Amino acid sequence: MIFYSLNNQAPNVSFKEAVIAGIAPDKGLYFPERITPLPNSFFEDLEKLSNQEIAFTAIHQFVKKDIPDEVLREILRDMLDFEFPIVEIEENVATLELFHGPTMAFKDVGARFMANCLGYFSKEKKEEVTVLVATSGDTGGAVANGFLGVSGVKVVILYPSGKVSEIQEKQLTTLGENITAMEVEGTFDDCQTMVKTAFLDKEINTKRKLTSANSINVARWLPQLFYFLFAYKQAKSKGKEIVFSIPSGNFGNVCAGMVAQKLGMSVKHFVAATNVNDTVPKFMENGEYQPKPSTATISNAMDVGDPSNFIRIRHLYQNDFEVLAENLSSYSFNDTETREAMQHIHKRSKYVSDPHGAVGYLGLKKYQELNPDTYGIFLETAHPVKFLHIVKETLAITPEIPSQIAKVIDREKTSIRIGTYQELKSYLLKR
């Protein structure tokens with residue numbers, strides 16, 4: 001499989017080369033040359049297949065030239081060792097829980113897949129790779145956990161100071177070993193800009209082999225299509241058209257779901273639900289893409305003003321706005337509406353949602369106002385305990401602390417505070 005830059009000013013590369021590079025030399029995101037639909041029999045027999053078998057069939061065409069089948073199967077066995085259940089909330093509304101992994105966030109799958117891929121590729125080369133990643137919350141912890149102890153890989157995580165939850169911060173600042181956390185005085189967008197600038201800095205790249213573990217990296221982004229196939233496996237017997245509502249920040253999850261659709265999965269529509277960072281909802285209203293500085297909210301993982309993966313989404317539909325609008329709706333909700341949704345869900349079903357899941361619920365309900373005869377699935381992307389103080393304030397309850405969180409909550413935080421790109425550059429050059 002060949003991957004090409006969406007800026008079309010860089011050489012085509014293999015999956016391996018795309019993973020190691022992270023971003024193309026022309027600043028473009030890598031994209032597969034083709035997406036070949038899977039046979040109808042695959043979807044007809046989905047209930048008979050294990051999650052590992054589903055994932056192998058779905059990802060195989062993208063990686064087969066660089067990862068042998070037996071290695072791919074081993075990677076999938078290691079990373080898909082937890083469940084992805086659908087939980088009924090109310091009539092025609094369910095949530096897909098993606099928080100049963102080691103850091104209790106949906107990004108565990110992509111981070112572990114990429115870590116395993118880089119671990120396999122590093123066996124062939126002795127050159128050390130530095131994974132440089134920006135996080136608005138859960139990416140950092142998932143990447144730190146996925147790459148912890150991986151030979152030949154160093155990880156540097158940038159996160160906005162005071163804008164991630166305490167538990168999220170503990171998950172990315174307490175592991176040590178090959179993981180370094182850098183606390184940035186600024187927003188997630190500032191962190192992401194620093195990362196992108198470093199990739200294009202020739203001085204750094206002559207001394208360090210950099211790659212990214214954000215969803216701009218194909219190995220982080222593509223495995224997220226598994227979630228939608230796992231959900232479809234559980235929901236197809238409902239006999240109704242399926243709608244997915246995805247709480248969205250960098251829009252990698254929505255885009256991965258659309259790849260699953262291109263593979264042949266039957267889905268009526270996608271809803272990208274955001275907080276007040278409404279760049280994409282505004283685009284879907286007027287066709288004008290106008291990124292802006294991000295605003296801090298209680299659903300911090302979605303505090304993104306210029307979502308990187310939206311260019312992939314537009315490319316999937318050949319930049320045809322009308323076709324895109326047939327497949328995607330996007331709505332924005334503020335913190336008050338988010339808290340009210342958390343309260344409504346809990347009162348109605350006793351289900352405790354996190355703020356991101358609540359935004360996904362709101363997006364789904366808004367879509368179903370005009371499309372009531374659909375089966376809606378909103379994604380619950382992180383365990384509510386990761387936003388403990390918000391849940392306490394909003395629902396007046398204290399969720400039980402799961403073992404995955406309990407083991408890090410009392411560890412001592414270690415981070416390097418920076419305020420400028422030059423400080424990041426100096427650190428990378430001195431390492």
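Rules and cut-offs
Residues numbered from 1 in each chain as written. Predicted model: local features only at pLDDT ≥ 70, side-chain atom pairs only at ≥ 80, totals over all residues. Heavy atoms only, no water. Pairing = 2+ DSSP bridges. Helix = DSSP H or I, 4+ residues; strand = E, 2+ residues; numbered from the N terminus. Axes fitted to C-alpha atoms, helices over the stretch in contact; angles between N-to-C directions. Phe/Tyr/Trp six-rings, centres within 6.5 Å; stacked < 30°, edge-to-face > 60°. Buried < 20%, exposed > 50% of the residue type's maximum accessible area, 1.4 Å probe, protein only. Lys NZ or Arg CZ within 6 Å of the ring centre and 35° of its normal. Core = buried A, V, L, I, M, F, W, Y, C linked by side-chain atoms within 4.5 Å. Contact = heavy atoms within 4.5 Å.

Describe the sheet that holds strand S8 (residues 179-184), listing the residues and the values that go with them.
Spatially, five strands are ordered S9-S6-S7-S8-S14 in an open sheet, and the strand pairing comes out parallel. Edge positions in the sheet fall to strand S9 (209-212) and strand S14 (416-418), since each has one partner strand and no second. Strand-to-strand twist across the sheet, computed as the mean angle between neighbouring axes with direction ignored, equals 25 degrees.

Would you mind going over the packing of aromatic side chains in detail, with residue names and values included?
Enumeration according to the criterion identifies 21 aromatic pairs in this entry. Each ring, one from Phe106 and one from Tyr227, has its centre 6.3 Å from the other, and the planes form 80 degrees; the classification is edge-to-face. Taken as a pair, Phe106 in the loop between strand S5 (93-97) and helix H5 (107-124) and Tyr227 in helix H11 (residues 225-235) lie far apart in primary sequence, 121 residues in all. Summarising the burial analysis for this pair, Phe106 and Tyr227 share the class buried. Judged by centre distance (5.9 Å) and plane angle (55 degrees), the rings of Tyr120 and Phe121 are tilted. We note that Tyr120, like Phe121, is buried. Linked through ring pairs, Phe82, Phe84, Phe106, Phe226, Tyr227 and Phe230 together constitute an aromatic cluster. Here the guanidinium or amino end of Arg73 rests over the ring plane of Phe56, the centre of that ring lying 3.7 Å away.

Describe the sheet that holds strand S2 (residues 13-14), with residues and values.
Strands in a sheet are paired, the pairing made by backbone hydrogen bonds, and the direction either parallel or antiparallel. Taken in spatial order, the three strands of this open sheet run S2-S1-S3, and their pairing is antiparallel. Strand pairing shows two members of the sheet lacking a second neighbour, S2 and strand S3 (30-32), which therefore form its edges.

Describe in detail the pairing of strand S1 (residues 2-5), supporting the description with residues and values.
In the sheet, S1 pairs with S2 via two bridges, with the strands oriented antiparallel. Counted as the bridge partner of Phe3 is Val13 from S2.

Any chance you could break down helix H12 (residues 252-262) for me, citing the residues and the numbers?
Along H12, 10 of the 11 residues are buried, which leaves the element largely enclosed by surrounding structure. Along H12, the residues that are buried comprise Gly252, Asn253, Val254, Cys255, Ala256, Gly257, Met258, Val259, Ala260 and Gln261. One or two residues past the end of H12 sits Gly264, with phi positive at roughly 120 degrees.

Lay out the pairing of strand S12 (residues 328-332) in plain terms, naming residues and giving numbers.
Buried residues dominate S12, accounting for four of its five residues. Pairing between strand S11 (residues 269-274) and S12: five bridges, direction parallel. The residue bridging Phe270 from the neighbouring strand is Leu328, located in S12.

Break down the nonpolar core for me, citing the residues and quoting the values.
Judged by nonpolar contacts, the single largest core of 127 residues is most densely connected at Phe15, Phe113, Phe147 and Phe244. Beyond its immediate sequence surroundings of up to four residues, Phe147 is in contact with Ala111, Met114, Ala115, Leu118, Val131, Val153, Val155, Asn178, Ile179 and Ala213. By size, the runner-up hydrophobic cluster in this structure holds 31 residues, among which are Ile89, Tyr351, Tyr361 and Leu388.

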